[in-house]
Amino acid sequence: MYNDARPDPVEGLGQFLRSRRERVRPTDVGLSGSGRRRVPGLRRDEVATLAGVSPSYYSRLEQGRELSPSVRVLEAMARVLRLTEEDRLELFRLARPTTDRRTKSPSRVERVRPHLRQLIESWTRTPAFIIGHAQDLLATNALADALYRDFAQHDNVLRMLFLDPAAKTFYRSPERAKDRAVADLQQTAASTPEDPRVLELVGELSVRSGEFRSLWAREYTRVPPYEVKRMRHSVVGDLELRHEALNIRSAPGQQLIILQAEPDSPSADGLALLGSLSAPEVQDAR
(Lines give C-alpha, C1' and ligand atoms only; values in the text may rest on other atoms or scores of the structure.)
Protein backbone atom coordinates (compact mmCIF):
# COMPACT_ATOMS: atom_id res chain seq x y z
CA MET A 1 0.00 0.00 0.00
CA TYR A 2 1.24 3.46 -0.88
CA ASN A 3 2.13 5.49 2.22
CA ASP A 4 1.70 9.27 1.82
CA ALA A 5 2.84 10.01 5.38
CA ARG A 6 4.99 13.12 5.69
CA PRO A 7 7.67 13.82 8.30
CA ASP A 8 6.60 15.81 11.30
CA PRO A 9 6.75 19.52 10.24
CA VAL A 10 8.29 20.67 13.53
CA GLU A 11 11.06 18.08 13.27
CA GLY A 12 11.56 19.14 9.66
CA LEU A 13 11.94 22.76 10.76
CA GLY A 14 14.67 21.80 13.23
CA GLN A 15 16.56 19.82 10.58
CA PHE A 16 16.21 22.70 8.15
CA LEU A 17 17.59 25.27 10.61
CA ARG A 18 20.53 23.05 11.55
CA SER A 19 21.51 22.38 7.95
CA ARG A 20 21.32 26.06 6.98
CA ARG A 21 23.29 27.41 9.94
CA GLU A 22 26.06 24.89 9.19
CA ARG A 23 26.47 26.52 5.77
CA VAL A 24 27.04 30.06 7.10
CA ARG A 25 30.59 31.06 7.94
CA PRO A 26 31.05 33.34 10.97
CA THR A 27 32.78 35.92 8.80
CA ASP A 28 29.69 36.06 6.57
CA VAL A 29 27.73 37.69 9.39
CA GLY A 30 30.46 39.86 10.89
CA LEU A 31 31.78 37.42 13.51
CA SER A 32 35.39 36.46 14.02
CA GLY A 33 36.39 33.31 12.18
CA SER A 34 39.55 32.80 14.19
CA GLY A 35 40.00 30.17 16.86
CA ARG A 36 39.01 26.52 16.97
CA ARG A 37 35.33 25.78 16.41
CA ARG A 38 33.69 22.47 17.24
CA VAL A 39 30.81 22.88 14.79
CA PRO A 40 30.72 23.80 11.11
CA GLY A 41 29.15 27.14 10.38
CA LEU A 42 27.38 29.08 13.13
CA ARG A 43 26.62 27.92 16.63
CA ARG A 44 23.08 27.98 18.02
CA ASP A 45 23.84 30.84 20.39
CA GLU A 46 25.30 32.90 17.52
CA VAL A 47 22.17 32.47 15.40
CA ALA A 48 20.00 33.37 18.38
CA THR A 49 22.01 36.46 19.20
CA LEU A 50 22.05 37.80 15.64
CA ALA A 51 18.33 37.10 15.23
CA GLY A 52 17.45 38.89 18.45
CA VAL A 53 15.99 35.92 20.35
CA SER A 54 17.23 34.15 23.45
CA PRO A 55 19.51 31.10 23.01
CA SER A 56 17.00 28.91 24.86
CA TYR A 57 14.19 29.97 22.52
CA TYR A 58 16.25 29.15 19.42
CA SER A 59 17.25 25.79 20.92
CA ARG A 60 13.59 24.94 21.40
CA LEU A 61 13.00 25.73 17.72
CA GLU A 62 15.70 23.32 16.58
CA GLN A 63 14.55 20.66 19.04
CA GLY A 64 10.93 20.86 17.90
CA ARG A 65 9.66 22.18 21.23
CA GLU A 66 8.55 25.60 19.96
CA LEU A 67 5.50 25.83 17.72
CA SER A 68 4.49 28.55 15.24
CA PRO A 69 7.24 31.16 15.57
CA SER A 70 6.13 34.62 14.52
CA VAL A 71 6.80 36.18 11.13
CA ARG A 72 9.27 38.57 12.74
CA VAL A 73 11.29 35.65 14.12
CA LEU A 74 11.23 33.81 10.80
CA GLU A 75 12.31 36.90 8.89
CA ALA A 76 15.17 37.38 11.35
CA MET A 77 16.23 33.74 10.88
CA ALA A 78 16.13 34.11 7.12
CA ARG A 79 18.35 37.19 7.33
CA VAL A 80 20.91 35.64 9.68
CA LEU A 81 21.08 32.34 7.75
CA ARG A 82 21.37 34.24 4.45
CA LEU A 83 18.56 32.22 2.88
CA THR A 84 17.74 32.34 -0.80
CA GLU A 85 14.15 33.18 -1.72
CA GLU A 86 13.47 29.48 -2.30
CA ASP A 87 14.85 28.56 1.13
CA ARG A 88 12.94 31.40 2.72
CA LEU A 89 9.67 30.06 1.33
CA GLU A 90 10.60 26.59 2.58
CA LEU A 91 11.30 28.01 6.04
CA PHE A 92 7.82 29.55 6.19
CA ARG A 93 6.23 26.36 4.86
CA LEU A 94 7.90 24.24 7.55
CA ALA A 95 7.14 26.68 10.34
CA ARG A 96 3.49 27.13 9.33
CA PRO A 97 2.44 23.98 7.49
CA THR A 98 -1.34 24.43 7.64
CA THR A 99 -1.92 28.16 7.64
CA ASP A 100 0.11 31.24 6.87
CA ARG A 101 -0.95 33.90 9.36
CA ARG A 102 1.53 36.51 8.13
CA THR A 103 0.52 39.28 10.45
CA LYS A 104 3.03 41.32 12.35
CA SER A 105 2.75 41.57 16.09
CA PRO A 106 1.88 45.17 16.92
CA SER A 107 4.51 47.14 18.74
CA ARG A 108 3.58 47.89 22.33
CA VAL A 109 2.91 51.58 22.85
CA GLU A 110 4.15 52.56 26.30
CA ARG A 111 2.98 55.75 27.94
CA VAL A 112 3.68 57.08 31.40
CA ARG A 113 0.66 58.13 33.43
CA PRO A 114 0.59 61.90 34.14
CA HIS A 115 0.51 61.44 37.91
CA LEU A 116 3.71 59.38 37.75
CA ARG A 117 5.45 62.10 35.76
CA GLN A 118 4.33 64.65 38.33
CA LEU A 119 5.59 62.40 41.12
CA ILE A 120 9.17 62.03 39.87
CA GLU A 121 9.34 65.67 38.77
CA SER A 122 8.55 66.70 42.35
CA TRP A 123 11.68 64.90 43.60
CA THR A 124 14.36 67.57 43.41
CA ARG A 125 16.99 65.73 45.47
CA THR A 126 16.62 62.24 44.01
CA PRO A 127 17.33 61.20 40.42
CA ALA A 128 14.45 59.09 39.15
CA PHE A 129 13.20 57.80 35.84
CA ILE A 130 10.72 55.33 34.38
CA ILE A 131 11.74 52.65 31.89
CA GLY A 132 9.66 50.42 29.64
CA HIS A 133 9.79 46.65 29.20
CA ALA A 134 12.80 46.92 26.84
CA GLN A 135 14.51 49.50 29.09
CA ASP A 136 13.53 52.49 26.96
CA LEU A 137 13.59 55.70 29.00
CA LEU A 138 9.98 56.89 29.09
CA ALA A 139 10.23 59.70 31.65
CA THR A 140 13.01 61.36 33.67
CA ASN A 141 13.17 64.09 36.27
CA ALA A 142 15.52 67.08 36.06
CA LEU A 143 18.13 65.61 38.39
CA ALA A 144 18.30 62.36 36.37
CA ASP A 145 18.83 64.43 33.21
CA ALA A 146 21.68 66.27 34.93
CA LEU A 147 23.17 63.03 36.24
CA TYR A 148 23.34 61.49 32.75
CA ARG A 149 24.28 64.69 30.94
CA ASP A 150 27.56 63.17 29.69
CA PHE A 151 25.64 60.71 27.49
CA ALA A 152 24.88 61.78 23.93
CA GLN A 153 21.38 60.29 24.03
CA HIS A 154 18.94 59.48 26.81
CA ASP A 155 16.81 56.92 25.01
CA ASN A 156 17.51 53.36 26.17
CA VAL A 157 19.57 51.98 29.06
CA LEU A 158 21.26 49.27 26.97
CA ARG A 159 22.05 51.57 24.05
CA MET A 160 23.62 54.01 26.49
CA LEU A 161 25.69 51.28 28.13
CA PHE A 162 26.94 49.51 25.01
CA LEU A 163 26.97 52.19 22.30
CA ASP A 164 27.85 55.43 24.10
CA PRO A 165 31.56 55.92 24.95
CA ALA A 166 30.54 57.93 28.03
CA ALA A 167 29.58 54.69 29.82
CA LYS A 168 33.24 53.65 30.13
CA THR A 169 34.11 56.65 32.29
CA PHE A 170 30.74 57.33 33.93
CA TYR A 171 30.39 53.90 35.56
CA ARG A 172 33.20 52.91 37.89
CA SER A 173 32.18 49.26 37.25
CA PRO A 174 30.75 49.34 33.72
CA GLU A 175 30.92 45.54 33.39
CA ARG A 176 28.60 45.09 36.37
CA ALA A 177 26.12 47.62 34.98
CA LYS A 178 26.12 45.84 31.62
CA ASP A 179 25.68 42.41 33.22
CA ARG A 180 22.63 43.63 35.06
CA ALA A 181 21.04 45.34 32.06
CA VAL A 182 21.51 42.29 29.83
CA ALA A 183 20.15 39.94 32.50
CA ASP A 184 17.06 42.15 32.85
CA LEU A 185 16.53 42.08 29.07
CA GLN A 186 17.00 38.30 28.96
CA GLN A 187 14.25 37.96 31.55
CA THR A 188 11.94 40.05 29.39
CA ALA A 189 12.85 38.09 26.25
CA ALA A 190 12.20 34.79 28.00
CA SER A 191 8.65 35.84 28.93
CA THR A 192 7.88 37.53 25.58
CA PRO A 193 10.23 35.89 23.01
CA GLU A 194 8.51 37.46 20.00
CA ASP A 195 8.14 41.01 21.29
CA PRO A 196 8.90 43.36 18.34
CA ARG A 197 10.73 45.99 20.39
CA VAL A 198 12.94 43.42 22.14
CA LEU A 199 13.79 41.74 18.82
CA GLU A 200 14.63 45.09 17.27
CA LEU A 201 16.84 46.16 20.18
CA VAL A 202 18.69 42.85 20.49
CA GLY A 203 19.26 42.75 16.74
CA GLU A 204 20.71 46.27 16.70
CA LEU A 205 22.98 45.71 19.70
CA SER A 206 24.14 42.33 18.39
CA VAL A 207 25.34 43.91 15.17
CA ARG A 208 26.92 46.99 16.75
CA SER A 209 28.48 45.55 19.92
CA GLY A 210 30.55 42.39 20.19
CA GLU A 211 30.49 42.75 23.97
CA PHE A 212 26.71 42.64 23.96
CA ARG A 213 26.72 39.54 21.72
CA SER A 214 28.95 37.72 24.20
CA LEU A 215 26.83 38.65 27.21
CA TRP A 216 23.55 37.86 25.45
CA ALA A 217 24.78 34.36 24.58
CA ARG A 218 25.36 33.54 28.26
CA GLU A 219 22.77 31.84 30.43
CA TYR A 220 20.38 34.17 32.25
CA THR A 221 21.33 35.01 35.83
CA ARG A 222 18.92 36.58 38.28
CA VAL A 223 19.80 40.09 39.43
CA PRO A 224 18.76 41.72 42.71
CA PRO A 225 16.27 44.62 42.60
CA TYR A 226 18.58 46.66 44.83
CA GLU A 227 22.29 47.50 44.58
CA VAL A 228 24.73 50.40 44.92
CA LYS A 229 25.72 52.20 41.72
CA ARG A 230 29.18 53.74 41.70
CA MET A 231 29.51 56.59 39.23
CA ARG A 232 32.00 59.28 38.28
CA HIS A 233 30.25 62.45 37.09
CA SER A 234 32.28 64.87 35.00
CA VAL A 235 31.16 67.87 37.10
CA VAL A 236 30.57 66.70 40.69
CA GLY A 237 32.92 63.71 40.82
CA ASP A 238 32.37 60.31 42.44
CA LEU A 239 28.89 59.26 43.54
CA GLU A 240 27.56 56.17 45.29
CA LEU A 241 23.81 55.85 44.87
CA ARG A 242 21.40 53.14 45.99
CA HIS A 243 19.63 51.77 42.92
CA GLU A 244 16.05 50.61 43.50
CA ALA A 245 13.83 49.21 40.73
CA LEU A 246 10.10 49.17 41.51
CA ASN A 247 7.52 47.49 39.27
CA ILE A 248 4.60 49.75 38.37
CA ARG A 249 1.45 47.68 38.88
CA SER A 250 -0.76 50.03 36.86
CA ALA A 251 1.55 49.66 33.84
CA PRO A 252 2.91 46.07 33.60
CA GLY A 253 6.44 46.01 32.22
CA GLN A 254 7.31 49.51 33.37
CA GLN A 255 9.69 50.17 36.27
CA LEU A 256 10.35 53.18 38.44
CA ILE A 257 14.11 53.56 38.99
CA ILE A 258 15.21 55.53 42.05
CA LEU A 259 18.82 56.55 42.80
CA GLN A 260 19.33 57.64 46.40
CA ALA A 261 22.36 58.90 48.30
CA GLU A 262 22.99 58.20 51.96
CA PRO A 263 21.93 61.24 54.02
CA ASP A 264 24.76 63.63 54.93
CA SER A 265 27.20 61.71 52.71
CA PRO A 266 29.60 63.10 50.07
CA SER A 267 27.27 61.65 47.44
CA ALA A 268 24.32 63.58 48.91
CA ASP A 269 26.41 66.75 48.75
CA GLY A 270 27.30 65.92 45.14
CA LEU A 271 23.65 65.51 44.17
CA ALA A 272 22.76 68.78 45.91
CA LEU A 273 25.51 70.56 43.96
CA LEU A 274 24.37 68.92 40.72
CA GLY A 275 20.81 70.05 41.39
CA SER A 276 21.87 73.64 42.04
CA LEU A 277 23.99 73.73 38.89
CA SER A 278 21.20 72.32 36.71
CA ALA A 279 18.47 74.58 38.16
CA PRO A 280 19.29 77.55 35.87
CA GLU A 281 19.19 75.24 32.83
CA VAL A 282 15.74 74.02 33.83
CA GLN A 283 14.48 77.57 34.27
CA ASP A 284 15.89 78.62 30.87
CA ALA A 285 14.13 75.68 29.19
CA ARG A 286 10.73 76.78 30.48
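Figured I'd write up the structure that's included with this text.

About the criteria used
- Residues numbered from 1 in each chain as written.
- Predicted model: local features only at pLDDT ≥ 70, side-chain atom pairs only at ≥ 80, totals over all residues.
- Heavy atoms only, no water.
- Helix = DSSP H or I, 4+ residues; strand = E, 2+ residues; numbered from the N terminus.
- Contact = heavy atoms within 4.5 Å.
- Salt bridge = Lys/Arg side-chain N within 4 Å of Asp/Glu carboxyl O.
- Pairing = 2+ DSSP bridges.
- Axes fitted to C-alpha atoms, helices over the stretch in contact; angles between N-to-C directions.
- Parallel < 35°, antiparallel > 145°, perpendicular 65-115°, else oblique.
- Core = buried A, V, L, I, M, F, W, Y, C linked by side-chain atoms within 4.5 Å.
- Buried < 20%, exposed > 50% of the residue type's maximum accessible area, 1.4 Å probe, protein only.
- Patch = residues over 30% accessible without salt bridge, like charges linked within 9 Å, V, L, I, M, F, W, Y side chains within 5 Å.
- Areas by Shrake-Rupley, 256 points an atom, 1.4 Å probe, with all protein chains shown as cover.
- Left-handed = near helix turned anticlockwise from the far one by under 90°.
- Nonpolar A, V, L, I, M, F, W, Y, C, P; charged D, E, K, R; others polar.
- Phe/Tyr/Trp six-rings, centres within 6.5 Å; stacked < 30°, edge-to-face > 60°.

## A closer look at the environment of Tyr57
Here comes step 1: Residue placement: Tyr57 occurs in helix α3 (residues 55–62).
Here comes step 2: For Tyr57 and Glu194, which are 137 residues apart along the polypeptide, the C-alpha to C-alpha distance reads 9.7 Å.
Here comes step 3: When near neighbours in sequence (up to four residues on either side) are disregarded, Tyr57 contacts Glu66, Pro69, Val73, Pro193 and Glu194.

## What to know about the pattern of salt bridges
Oppositely charged side chains can pair when the atoms bearing their charge come close.
Here comes step 1: This model, assessed by the stated rule, comprises 22 salt bridges.
Here comes step 2: The partner of Asp155 in a salt bridge is Arg159, and the shortest N-O contact between them spans 2.5 Å.
Here comes step 3: The partner of Glu240 in a salt bridge is Arg172, with the nearest N and O atoms 3.8 Å apart. Remark: Arg172 occurs in the loop between α9 (166–170) and α10 (174–191) and Glu240 occurs in strand β4 (residues 237–247); sequence separation between them is 68 residues.

## Focus on the pairing of strand β2 (residues 137–140)
In the case of a regular strand, side chains alternate between the two sheet surfaces.
Here comes step 1: Bridging between strand β1 (residues 128–131) and β2 involves three bridges; their strand directions are antiparallel. Paired with Phe129 across the strands is Thr140, a residue of β2.
Here comes step 2: With antiparallel pairing between neighbouring strands as the criterion, β1 and β2 make up a hairpin whose turn holds five residues, including Gln135 at a positive phi of roughly 65°.

## Brief notes about the packing of helix α2 (residues 44–51) against helix α11 (residues 196–208)
Any two packed helices are characterised by the angle at which their axes cross and by the distance between the axes.
Here comes step 1: Between α2 and α11, whose axes approach to 6 Å, the crossing angle comes to 115°. Relative to α11, α2 is oriented roughly perpendicular. Contacts between α2 and α11 pair Thr49, Leu50 and Ala51 from the former with Leu199, Val202, Gly203 and Ser206 from the latter.

## Some points on the nonpolar core
Here comes step 1: Counting 41 residues, the largest nonpolar core has Leu147, Tyr148, Leu158 and Phe212 as the members making the most contacts within it.
Here comes step 2: Not counting chain neighbours up to four residues away, the residues in contact with Tyr148 comprise Phe129, His154, Met160, Phe170, Tyr171, Met231 and Leu259.
Here comes step 3: Of all hydrophobic cores here, the second largest spans 28 residues; its members include Leu13, Leu61, Met77 and Val80.

## Looking at a nonpolar patch on the surface
Here comes step 1: Residues Val235, Leu273 and Leu277 make up a contiguous nonpolar surface patch of roughly 240 Å² in combined accessible area.
Here comes step 2: Within the secondary structure, Val235 is located in the loop between β3 (226–233) and β4.

## Comments concerning α2
Here comes step 1: In terms of residue burial, α2 counts as a mostly covered element, since six of its eight residues are buried.
Here comes step 2: Gly52 lies just past α2 and shows a positive phi near 85°.

## What about the packing of α10 against α11?
Here comes step 1: Between α10 and α11, the shortest axis-to-axis distance is 10 Å and the interhelical angle comes to 135°. Classed by the angle they form, the pair α10 and α11 counts as oblique. The way α10 lies across α11 gives a crossing that is left-handed. Note on element contacts: α11 touches α10 through Val198, Leu201 and Val202, opposite Leu185, Thr188 and Ala189.
Here comes step 2: The residue inventory of the contact of α10 with α11, partitioned by class, reads five nonpolar, one polar and no charged.

## Concerning the pairing of β1
Here comes step 1: Judged by which residues are buried, β1 turns out to be covered on both faces: Ala128 and Ile130 on one side and Phe129 and Ile131 on the other are all buried.
Here comes step 2: Pairing between β1 and strand β5 (residues 255–260): four bridges, direction antiparallel. Bridge assignment links Phe129 to a residue of β5, and that residue is Ile257.

## Topic: the packing of aromatic side chains
Here comes step 1: Applying the stated rule across the entire model yields eight aromatic pairs.
Here comes step 2: With a centroid separation of 5.7 Å and 20° between ring planes, the pair formed by Phe212 and Trp216 is classed as stacked. Here the residue Phe212 and the residue Trp216 both occupy positions in helix α12 (residues 210–217), the gap between them amounting to four residues, near one helical turn.
Here comes step 3: Phe212 sits in the buried class, given a relative accessible area of 0%.
Here comes step 4: Relative accessible area serves as the criterion here: at 0%, Trp216 is assigned to the buried category.
Here comes step 5: An aromatic cluster of at least three residues, connected via ring pairs, comprises Phe129, Tyr148, Phe151, Phe170 and Tyr171.

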